[in-house]
Amino acid sequence: MTDNVDDYEDVTGYTLSSDREAELLAKQTECTFIWANRDGFPVGVIMNYVFADGRFWLTASGQRKRIAAVRRDPRVSIALTSRGAGIATSQSLTYKGRGIVHDDDRTKQWFYPLLAAAVRPGDAAKQQAFASFLDSPRRVVVEVVPEQRIGFDSDAMFKATPSAAPD
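Rules used in this analysis
- The written sequence of each chain sets the order in which its residues are numbered from 1.
- Whole-chain, interface and lining totals are the exception, using all residues; otherwise, since this is a predicted model, local features are given only for residues with pLDDT of at least 70 and side-chain atom pairs are given and counted only at 80 or more.
- The basis for every side-chain value is the complete set of heavy atoms in the structure, and neither hydrogens nor water enter the calculation.
- Helix numbers and strand numbers start at the N terminus; a helix is a DSSP run of H or I with at least 4 residues, a strand a run of E with at least 2.
- Multiplying 1.5 Å by the residue count of a helix minus one yields the expected span of that helix.
- Residues are treated as being in contact if the distance between any of their heavy atoms lies within 4.5 Å.
- Remark: nonpolar core denotes a set of buried residues (Ala, Val, Leu, Ile, Met, Phe, Trp, Tyr, Cys) joined through side-chain atoms within 4.5 Å.
- Under the scheme applied here, a residue whose accessible area is under 20% of the maximum for its type counts as buried, over 50% as exposed, and between as partly exposed, the area being computed with a 1.4 Å probe on protein chains only.
- Note on definitions: the grid is 1 Å and covers protein atoms alone; a cavity is a set of points where a 1.4 Å probe fits but cannot get out; a pocket is an open set with protein on both sides within 12 Å along at least five of seven lines; lining residues have an atom within 4 Å of a point.
- Grid points are joined across faces, edges and corners, and a volume is the space filled by probe spheres set on the points.
- Note on residue categories: nonpolar means Ala, Val, Leu, Ile, Met, Phe, Trp, Tyr, Cys or Pro, charged means Asp, Glu, Lys or Arg, and polar means any other residue, Gly included.

Colleague: If you had to explain helix α3 (residues 105–119) to someone new, which residues and values would you point to?
Modeller: With 15 residues, α3 extends 21 Å from end C-alpha to end C-alpha; this agrees with the ideal 21 Å at 1.5 Å per step. Of the surrounding elements, those touching the buried residues of α3 are β2 (42–48), β3 (50–52), β4 (55–61), β6 (91–102), α4 (124–134) and β7 (139–153).

Colleague: Before we move on, could you go through the nonpolar core and cite the residues and values that matter?
Modeller: By size, the foremost hydrophobic cluster in this structure holds 25 residues, and its most contacted members are Phe33, Phe56, Leu58, Ile78, Leu80 and Val144. Looking at this core, the elements with two or more residues in it are α1 (18–27), β1 (30–36), β4, α2 (65–72), β5 (75–81), β6 and β7. Contacts of Ile78, omitting those with residues within four sequence positions, involve Cys31, Thr32, Phe33, Phe56, Leu58, Leu93, Thr94, Tyr95 and Val144. Membership of the second largest hydrophobic core comes to eleven residues, among which are Ala52, Trp57, Leu115 and Leu134.

Colleague: Lay out the layout of surface pockets with the relevant residues and their values.
Modeller: If you add up the space inside the largest pocket, you get close to 210 Å³. The wall of the largest pocket is formed by 14 residues, among which Met47, Thr59, Ala60, Arg66 and Arg139 lie closest to the centre. Put simply, the parts of the chain that give the lining of the largest pocket at least two residues each are β2, β4 and α4. Grouping the constituent residues of the lining of the largest pocket by class yields eight nonpolar, three polar and three charged. Of the volumes computed, that of the second largest pocket is approximately 180 Å³. Taken together, Trp35, Asn37, Arg38, Lys65, Ala68, Ala69 and Arg72 form the lining of the second largest pocket. Here the lining of the second largest pocket takes four residues from α2, the largest share from any one element. Broken down by class, the residue content of the lining of the second largest pocket amounts to three nonpolar, one polar and three charged.

By themselves these figures say nothing about function.
Written out as structure tokens, the structure reads:
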């Protein structure tokens, strides 16, 4: 079998299919959440998330600088990979979107148990304990509405370049 491309200069053709995107979003629970600080520099931290209703949902204490930053400038990004998600191949997704900060009890009440179930699967007692620790006075929920997606799938790349594929 011969490779049908010359190099990896342009990898835009190796995008993640919608089926694989859905699998990655369902299995992964961590992302890098990225915002702009007051000086316009991008800053990011690793956070747990839930993907529900076509949106990302995350939480942090309201005194965190990222929350003030999202309130000031809602343009954010989320990046995630298949690492640690039980997916055999390398996949990644990046989304550009708008962040909305929620501090209402209604949002917190449905979100905390959903996040707890995602990060403590199969253990109802641990889920309940985790959700109760989240319920603190200054905690907020950040909803990220995706506007643009960039996906990558190493399977697609290695099908085009089998001589470079891992064994």
